[in-house]
Amino acid sequence: MLLFESLAPAGSVAGDRLVLAFETRCKSRLRARLASGEDCGLFLPRGTVLRGGDKLLAGDGRIAEVVAATEQL
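First, a word on what this report is: a plain description of the structure on this page. On a predicted model such as this, the values are computed, not experimentally measured, just so you know. (Residues numbered from 1 in each chain as written. Predicted model: local features only at pLDDT ≥ 70, side-chain atom pairs only at ≥ 80, totals over all residues. Heavy atoms only, no water.)

Once that is clear, we can look at the pattern of salt bridges. Considering all chains together, one arrives at 3 salt bridges under this definition. Note that aspartate 39 and arginine 33 form a salt bridge whose closest N and O atoms lie 2.8 Å from each other. Arginine 33 sits in the exposed class, given a relative accessible area of 53%. Measuring nitrogen to oxygen at the nearest pair gives 2.8 Å for the salt bridge that ties aspartate 60 to arginine 62. One salt-bridge network, held together by shared partners, links Glu38, Asp60 and Arg62. (Salt bridge = Lys/Arg side-chain N within 4 Å of Asp/Glu carboxyl O. Buried < 20%, exposed > 50% of the residue type's maximum accessible area, 1.4 Å probe, protein only.)

Quick look at the structure:
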């Protein structure tokens, strides 16, 4: 399983997208699925809150862009 452990440097180009609702963007550890269908895990520093447009760096060098899911208010 692909594991994201840090934010990617500014200006990085993402190869995939990770669509997350606000509730899950506030969690630093979770299992998710990329837009491509591949399973992934987040193991970020505690207290990390992801925002749409943030980019995550995996251990193998791949980068995924965080996309804020459409939610009803």
